[in-house]
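# Fold and geometry: a report
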Amino acid sequence: MFVPYADPRMPYARKAAFDLGNNGAGINANNLQLGCDCLGHIRYFDGWHTTSSGDPLQIPNAICCHEVDDGILWKHTNFRTGNAVVTRSRVLILQTIITVSNYEYIFAFHFGQDASLHYEVRATGIVSTVPIGIGDRVAFGTVVSPGVLAPYHQHLFSLRIDPAIAGYENSLLIEESHPMPVQDPKVHNPFGVGYTTETQFVENESGHDLDHTVNRVFKIVNEDVINPVTGGPVGYKLSPFYSQLLLAHPSSYHAKRSEFAAHAVWVTRYHDDELFASGQHTMQSQGGQGIASWIRERQEKKEATSVRNKDMVIWHTFGSTHNPRVEDWPVMPCEKMQVGLKPVNFFTANPAIDVAVSTQDRNQSVLVNDSATATKGHCK
Ligand SMILES: [Cu+2]
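On a predicted model such as this, the values are computed, not experimentally measured, just so you know.

Bringing the coordination of the copper ion into the picture now. The coordination sphere of the copper ion, as far as protein atoms go, consists of Tyr103 (OH), His153 (NE2), His155 (NE2) and His322 (ND1), spread over 1.9 to 2.0 Å. Seen from the copper ion, its 4 donor atoms lie at angles of 97 to 133°, and the figure they make is tetrahedral. Read in sequence order, the donor residues coordinating the copper ion give the pattern Y-x49-H-x1-H-x166-H. Placement of Tyr103 in strand 6 (residues 103-111) and of His153 in strand 11 (residues 153-161) is noted, with a sequence separation of 50 residues between them.

Let us look at the UniProt feature "active site" (unreviewed entry) in the chain. The UniProt record annotates "active site" (unreviewed entry) at Asp19 and Tyr103. Of the residues just listed, which span 85 residues, no C-alpha pair is farther apart than 9.1 Å, and they cluster in one region. In this fold, Asp19 is placed in the loop between strand 2 (16-17) and strand 3 (42-50). When neighbours within four sequence positions are excluded, Asp19 is seen to be in contact with Met1, Val3, Gly24, Ala25, Val100 and Tyr105. Given a relative accessible area of 1%, Tyr103 falls into the buried group. In this structure, Tyr103 is in contact with Tyr5, Ile98, Ala123, Thr124, Gly125, Ile126, Val127, His153, His155, His322 and Met332, ignoring residues within four places of it in sequence.

Spacing of three or four residues puts side chains on the same side of an α-helix, whose turn is 3.6 residues. Taken together, the buried positions of helix 2 (residues 291-300) are Ile291, Ser293, Trp294, Ile295 and Arg298. For helix 2, the elements touching its buried residues are strand 14 (206-208), strand 17 (265-269) and strand 18 (310-322).

Following the UniProt record, the feature "domain: Copper amine oxidase catalytic" (unreviewed entry) maps to residues 1-353 here. With 4% helix and 45% strand, the stretch residues 1-353 has end C-alpha atoms that lie 37 Å from each other.

Tracing the backbone shows His316 in strand 18. Among the polar contacts listed, one links the side chain of His316 to the backbone oxygen of Ala264, at a separation of 2.9 Å. When residues no more than four places from it in sequence are discounted, the contact partners of His316 are Phe157, Ser158, Leu159, Leu238, Pro240, Phe241, Ala264, Val265 and Val339.

Quick look at the environment of Ile72 now. Within the secondary structure layout, Ile72 lies in strand 4 (residues 56-77). Linking Ile72 and Arg90, residues 18 residues apart in sequence, is a C-alpha distance of 9.0 Å.

What follows deals with the packing of aromatic side chains. In total, this model carries 13 aromatic pairs according to the counting rule given. Through successive ring pairs, a cluster of aromatic residues spans Tyr103, Tyr105, Phe107, Phe109, Phe111, Tyr119, Phe157, Phe241 and Phe318. Note that Lys15 overlies the ring of Tyr5, its terminal NZ or CZ placed 4.3 Å from the centroid.

Reading guide: rules and limits
- Residues numbered from 1 in each chain as written.
- Predicted model: local features only at pLDDT ≥ 70, side-chain atom pairs only at ≥ 80, totals over all residues.
- Heavy atoms only, no water.
- Donors = N, O, S within 2.8 Å, 3.2 Å for Na, K, Ca; no water.
- Tetrahedral: all angles 85-135°; square planar, octahedral: opposite > 155°, others 65-115°.
- Helix = DSSP H or I, 4+ residues; strand = E, 2+ residues; numbered from the N terminus.
- UniProt positions renumbered as here; feature names shortened; annotations may be inferred.
- Contact = heavy atoms within 4.5 Å.
- Buried < 20%, exposed > 50% of the residue type's maximum accessible area, 1.4 Å probe, protein only.
- Polar contact = N/O pair within 3.5 Å; in protein donor to acceptor, adjacent residues only side chain to side chain.
- Phe/Tyr/Trp six-rings, centres within 6.5 Å; stacked < 30°, edge-to-face > 60°.
- Lys NZ or Arg CZ within 6 Å of the ring centre and 35° of its normal.

The following block contains the structure:
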C-alpha cells in the first residue's frame, strides 16, 4: 500500500509512505482489546514476527475472529399467501488492526454464508498535517484547524490474489455487457432491448482497467472444470472497489515506486519471489522494481508470459483519493473500502439455501413501542 502526498512544495514533495511494507503491517499490529475492537464471541490469535535482528517477536492478540449479524441474507414473501421466509446473514470476520504513526488501518476478511469472500479495509486515526499561516489557503490541501493543513493524498492498495479455483491452473476471463445491434438484418433485436455479453480470455501478463460503461467483470475461471448446469467453466469473480488510480505524474518518484498503481487489475504468472507489488525496496528504490517491470523484463528476455490455464496471480489496485474534510479532524471516522470475490457459476444453486430461517424465538428482538403490539406480527 502506497500513500503519495500531493503537496508540491519542498520538502513535502518527497512525502510518501509505504504504510504496509516499509512501516510493517504485522510488526505494528495492535494488541486487540476484548469487547472494544470487536463484539460478541471472540477468539484471539497471537502473531509471530521476525525482528530486524532476526529474533522471533510475539505480538499478543494480533488477530481476532468473531461473527457479526449482516442483515438479511435472502428473503422471499409468497405474494399469494403472504407467508415470508427470511434468513439472516452471519459473517465470520478475521481482523487485524495496525497503527502506522498517525493512521490506523483495519483489515478484515469477511467470510459469507453465500460463499462470498470480502476483504475490507478501513482507514481511521489522525490525518497527517503540516503548518500553514493563519488565514492562508492552498489548492492541494484542506485547512482543518487554524494553522493546520491536511494535504491531499491517496491511499493505494494492491491486493494480491493467488487463486486456486478448482485447482491451481486458472484463467482470467474479461466479460462485458453490450447492447445488441438494432436494424441489423443479421441480428434479431426489433425492439432494441437486447443485450449480450462479450468475453475474452487474457492470454498474457498484463494490466487492465475497470469500465463501468460496459460493466467489465473479471472472472477467475478453471477452463477444465465445467459447471454441469451452466455448461461453462466454474469461477469466482472479482468485485472491485472502483477507485481513482495514481494522480502523480509518470515521471515522478511517486509513480516510479508504485508501478501497480497504473492499472486496476494486473495478471502475472505465479513466482515464489513476487509477493510485493512495488518490489523489495519501495522508498529506497529508484523505480523499476514492481509489477510492470517484472512483466517487461520477462517479455524482453523472451521468458514465458502466458497466463491462460496457468498458475497465475491477480493483483487489484484500489484505494481512496483522500482530500481531507474538516470532519476528519481531530480524529477521522472510518473510510471503508471493500473488495469482493463471489462465486460465479461455481456451485449448482444458491450455496446459502440451507441456512436456517430467522425466527423471533431465536432472535429475541424487542419491540420498543408497546402500543403497537396489537398490530405488529413477528416472524414465527
Ligand atoms: Cu488519508
